[in-house]
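Examining the three-dimensional arrangement
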Amino acid sequence: MALEITDATFEETVLKSDKPVLVDFWAAWCGPCRMVGPIIEEISGEYEGKAVVGKVDVDANQEFAAKYGVRNIPTVLVFQNGEVVGRQVGVAPKTAYTEAIDSLL
């Protein structure tokens, strides 16, 4: 299952990770986010131990959403060594997310 990432855990979980990190910025009321959610959960299971996969609820955690310019949701950011190396805004096929992670492994 994808990690629930909060403003309090973001730095430790995402920025200090030694693995690639995929972060889904979403909200419960967002229709497209509900379409991306199951894809993110699937990827979380498939990449367990190889990459960190998590979700940030932008309603409850606005600090890092603002820091990374997340204005539309769903936005999925990919991090490597604390830096954003990929960004996908809106709904995309699963391969768009897996290829971003694969390129870092």
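Residues numbered from 1 in each chain as written. Predicted model: local features only at pLDDT ≥ 70, side-chain atom pairs only at ≥ 80, totals over all residues. Heavy atoms only, no water.

Things to note about the pairing of strand 2 (residues 21–26)
Burial within strand 2 is extensive, with 6 of its 6 residues counted as buried. In strand 2, alternate side chains face the same way, and those of Val21, Val23 and Phe25 on one face and Leu22, Asp24 and Trp26 on the other are all buried. Pairing of strand 2 with strand 3 (residues 52–57), which is carried by 6 bridges, proceeds in the parallel orientation. When the bridges of strand 3 are listed, Trp26 appears paired with Asp57. (Buried < 20%, exposed > 50% of the residue type's maximum accessible area, 1.4 Å probe, protein only. Helix = DSSP H or I, 4+ residues; strand = E, 2+ residues; numbered from the N terminus. Pairing = 2+ DSSP bridges.)

Overview of the state of the cysteines
As used here, a disulfide is simply a covalent bond connecting the sulfur atoms of two cysteines. All chains considered together, the criterion is met by 1 disulfide. Paired through a disulfide, Cys30 and Cys33 show a sulfur-sulfur distance of 2.3 Å. One disulfide, between Cys30 and Cys33, carries an S-S torsion of 80° and so falls in the right-handed class. Judged by its relative accessible area of 4%, Cys30 falls in the buried class. (Disulfide = S-S within 2.5 Å.)

Regarding the pairing of strand 4 (residues 75–80)
Across the 6 residues that make up strand 4, a large majority, 5, are buried. Pairing geometry for strand 4 and strand 5 (residues 83–89), over 6 bridges, is antiparallel. Opposite Val78, over in strand 5, you have Gly86 as the bridge partner. Counted between consecutive antiparallel strands, the loop separating strand 4 from strand 5 contains 2 residues, among which Asn81 sits at a positive phi close to 55°.

What to know about the UniProt feature "active site" (unreviewed entry) in the chain
Those places that UniProt annotates as "active site" (unreviewed entry) correspond, in this numbering, to Cys30 and Cys33. Cys30 has contacts with Ile73 and Pro74, leaving out every residue within four places of it along the chain. Within the secondary structure, Cys33 sits in helix 2 (residues 31–46). For Cys33, a relative accessible area of 3% puts it in the buried group. Setting aside residues up to four positions removed in sequence, Cys33 forms contacts with Trp26, Ala27, Ile73 and Pro74. (UniProt positions renumbered as here; feature names shortened; annotations may be inferred. Contact = heavy atoms within 4.5 Å.)

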